[in-house]
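Residues per chain, in single letters:
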Amino acid sequence: MSAALSGQPIRFARRDRGHPERRWGESCIRPTRDARSRRGRCAINEIWEGLKQAALLLWHLDPEVLQIVAVSLRVSGTALLLSAAIGIPLGAWLGFSRFVGRRLMVALLYTGMGFPPVVVGLFVYLLLSQSGPLGSLNAPWVPRLFTVGAMVVAQVIIAFPLVAGFTMAAVKGVDPNLRQQLISLGATHWQATLAVLREARFGVVVSVIAGFGSIISEVGAVMLVGGNIQGSTRVLTTAIVLETRRGNFSLAIALALILLLLSFLSNVLMLRLQGKTA
Amino acid sequence: MSEWVYQGENLRVVYGRRTVLRVEQLTINAGDLVGIVGPSGAGKSTLLRVLALLEPPTEGVLYFGGRSEPVRWPPPLDLRRRVTMVFQRPLLLTASVFHNVAYGLRARRADNVRARVEQALEMVGLAHMAHAAAHTLSGGELQRVALARALVLEPEVLLLDEPTANLDPYNVSVIEDALKRLRHHNHTTVVLVTHNVFQARRLADRVMFLLDGECVETADAETFFESPKDPRTRAFVRGDMVY
């Protein structure tokens, strides 16, 4: 472990000779080249240790890590399916239709695309808390705070505007005359809509990837509504925050690498699916 | 008296404040090939979209298929499927030629799709390109595929919007031959919008001249070209009308 991270004093440059015990960060005076070099080597060592630990954790199928990965996939996978189920039809409808209030809806959707996740988490927290408008109902369909259900609700609210917005853009990118031509060939409106969506599939897949990327890497909302409870609502992002705070950088890096791998694999899978339909 | 396919009374289409089509009386008989000629912006494509039941007229009444009650909007699917339109700029799906031609049949859950698609492609001389990707085709081939995907449906009425615009003489002759064969075998009613007066003369039984959204004259082809009544029609036929 590095001197800085372990709390050991670092020797400073000539101008700071009068205070050899001063710690890094307490003064604006630059540390010596040796100290900088040591810290650089330490950071590389941390990353290297993280890589090794990630490999070991994966190789030995560490039950706690597997449990965290499973919860992450369960929460983000369910949220993604629900977001796609809401976002793709909504985006297609906004892309095809012309009606009074459409502009307002599109403006709201764009606002939703840029909504800070932690604010979404706050709203969901307030809604689902015991004194909140939904939480006070005690209805079976209302998920309770600090459960996977509450995390899914928060992630759906984060992801579906992205899915809908990108789907709308993709649908609008297809020549509007195509739909009319298909209808003139005897397609029902539903068949023509599906055909146009199929033409816009690249954009629709991008919308799903964007939605997944936004929720698998999200930490603020799931931390607020999930509570990061070990064995229950702890996901990769919240576990990374926790391990970093504890100073377990190797484990944090290992979890981060697993998160990156999951994100990469899901994107590859979706791009392959897209390729098969091309 | 021939059985009519379309009858229209006081048809008007207005976009914003602009009237783009004004046809007081319209009759199209079954089995006829009606050529609609006129300069750009005359309302030809708008009239075709109304006849294709894709767009309702702002005013007026349209009767279709010999039915005594006028067409209600949106028209029911079974009525819509009796008409097929080929657009001036054909848009194909990102798929094979076969898939594009089969689209309308599959939408109807029709039988014997393969044989019917192959026959339609044969009619337009593209049987050898059934498995080619649509995006690899030339302009002429695209238009022929667009015609094939309409022909394969064997519609009661076929509407063609400038099907040979910007095509070379070979592709024009292929499309015109396909139309002649279609009429010979199926007795299909065809409405052909064209800039090309010579094409209208070659193919049409009756010709309608539209100018500034208004129907100037409708007559059988011989009368239209040999002794038009309206001076504007005479100018158009002679090629004096500059547009």
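Right above here is the structure, for reference.
Residues numbered from 1 in each chain as written. Chains lettered and ligands numbered in written order. Predicted model: local features only at pLDDT ≥ 70, side-chain atom pairs only at ≥ 80, totals over all residues. Heavy atoms only, no water.

Caption draft 1: Structural detail: the pattern of salt bridges. Residue and element names in this part refer to chain B. Counting across every chain of the model gives twelve salt bridges over all chains. The shortest N-O distance in the salt bridge between Glu-176 and Arg-202 comes to 2.7 Å. Of this pair, Glu-176 sits in helix α6 (residues 169–186) while Arg-202 sits in helix α7 (residues 197–203); the two residues are 26 residues apart in sequence, bridging distant segments of the chain. Judged by relative accessible area, Glu-176 falls into the buried class, the value being 5%. In this structure Arg-202 comes out as partly exposed when scored by relative accessible area, which is 46%. For Arg-201, the salt bridge is made with Glu-226, and the minimal N-O distance between the two is 2.6 Å. Separated by 25 residues along the polypeptide, Arg-201 in helix α7 and Glu-226 in helix α8 (residues 221–226) bring together distant segments of the chain. Here Arg-201 falls in the partly exposed class, since its relative accessible area comes to 42%. (Salt bridge = Lys/Arg side-chain N within 4 Å of Asp/Glu carboxyl O. Helix = DSSP H or I, 4+ residues; strand = E, 2+ residues; numbered from the N terminus. Buried < 20%, exposed > 50% of the residue type's maximum accessible area, 1.4 Å probe, protein only.)

Caption draft 2: Region of interest: empty space enclosed by the protein. Within the structure shown, the criterion is met by two cavities of 30 Å³ or more. Empty space within the largest cavity amounts to approximately 40 Å³. Taken together, Ser-72, Ser-76, Gln-155, Ile-215, Ile-216, Glu-218, Val-222, Val-235, Leu-236 and Thr-237 of chain A form the lining of the largest cavity. Secondary structure elements with two or more residues in the lining of the largest cavity: α3 (63–96), α9 (201–216) and α11 (236–246) of chain A. Split by residue class, the lining of the largest cavity holds five nonpolar, four polar and one charged. Taken as a whole, the second largest cavity encloses approximately 40 Å³ of empty space. Lining the second largest cavity are Gln-181, Ser-184 and Leu-185 of chain A together with Met-85, Val-86, Phe-87, Ala-146 and Arg-149 of chain B. Contributing elements (two or more residues each) for the lining of the second largest cavity: α7 (176–184) of chain A together with β5 (83–86) and α5 (139–151) of chain B. Among the residues forming the lining of the second largest cavity, the class breakdown is five nonpolar, two polar and one charged. (1 Å grid on protein atoms, 1.4 Å probe; cavity = no way out; pocket = protein on both sides within 12 Å on 5 of 7 lines; lining within 4 Å. Points joined across faces, edges and corners; volume = space filled by probe spheres on them. Nonpolar A, V, L, I, M, F, W, Y, C, P; charged D, E, K, R; others polar.)

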